[in-house]
Amino acid sequence: MASIWHGFSLSRQKMKKIFTLSFVLLLSLQIQAQRFGYVDTEYILANLPEYAQANERVNSQAENWAREITVHEAELERLELNLQTERVLLTKEQLAQREEVITEKRTLIKDLQNQRYGPNGDLINIRRTIVKPIQDQIWNAVKRVAERRNYNFVFDKGSDLSMLYTDPKFDISEEVLRTLRPDMREGQSTRPRPGATPAQTPRTQSAPRTTAPKGDSPIVAPKLEMRRE
């Protein structure tokens, strides 16, 4: 009886191994059947004139807001200097009034900075409004190229996804760019050509940057969020 049970256990273990190997083989075949590609959206954006124009519009508005805040900061500095100079000559009531004006000015500056440059501020909203149509154009172009090539997945090399190695033959950035700009001639893009030496590699023009008021981080364009339906 024990020998029969032992043989049954071995048989179960053997069947389990066969099932596991079959599952791994089936999974590997499914993975091999998938077709992958990737795009470099930073490169595509660098070669779209409308994106450069959109950045100019956003940066111009951001500079106007920065000048507005700078005017208030200069006024605050003048109020503080006058108070420091005239403090000994002021009554308690006058001193309290001056300090109240300074406090209100500081609050105004802080509110303006949050309103213009905060997480949900005017700068973020205007970028979304202006850049989103360009994002949609790129998405539609990627979708057309992916359908033409029968790709199941397209990754964005310019996103936060870590891509340790990429084979150029799976890069469809150039094809996407030609779809967006059919008038662009060969060699007109800013992308380094494969195999080019440093002397032959054209320099990529980065998107314009606008500096926020002191104390804030540099303003840069948001990353594209590519989606798949």
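Residues numbered from 1 in each chain as written. Predicted model: local features only at pLDDT ≥ 70, side-chain atom pairs only at ≥ 80, totals over all residues. Heavy atoms only, no water.

Student: Mind laying out the nonpolar core, listing which residues take part and the relevant values?
Tutor: In this structure, I44, L48, I134, I138 and V176 are the most contacted members of the largest nonpolar core, which totals 34 residues. Within the residue set of this core, elements represented by two or more residues are helix 2 (41-46), helix 3 (49-86), helix 4 (92-117), helix 5 (122-149) and helix 6 (173-180). For this core, the element with the highest residue contribution is helix 3, accounting for ten residues. Among all residues touching I44, those that are not within four sequence positions of it are V39, I138, S173, V176, L177 and L180. (Core = buried A, V, L, I, M, F, W, Y, C linked by side-chain atoms within 4.5 Å. Buried < 20%, exposed > 50% of the residue type's maximum accessible area, 1.4 Å probe, protein only. Helix = DSSP H or I, 4+ residues; strand = E, 2+ residues; numbered from the N terminus. Contact = heavy atoms within 4.5 Å.)

Student: Break down the environment of P133 for me, citing the residues and quoting the values.
Tutor: You can see P133 is positioned in helix 5. The spatial distance from the C-alpha of P133 to the C-alpha of Y51 is 9.9 Å, given a sequence separation of 82 residues.

Student: Break down the environment of S159 for me, with residues and values.
Tutor: Tracing the sequence through the fold places S159 in the loop between strand 2 (153-156) and helix 6. For S159, a relative accessible area of 25% gives the class partly exposed. As for S159 and E42, which are separated by 117 residues in sequence, their C-alpha atoms are 8.9 Å apart.

Student: Lay out the environment of I109 in plain terms, naming residues and giving numbers.
Tutor: Within the fold, I109 resides in helix 4. Residues I109 and H72, spaced 37 residues apart in sequence, show a C-alpha to C-alpha distance of 6.6 Å. Look past the residues within four positions of I109 in its chain and what remains in contact with it is I69, H72, E73 and L76.

That's the geometry; what it means functionally is another story.
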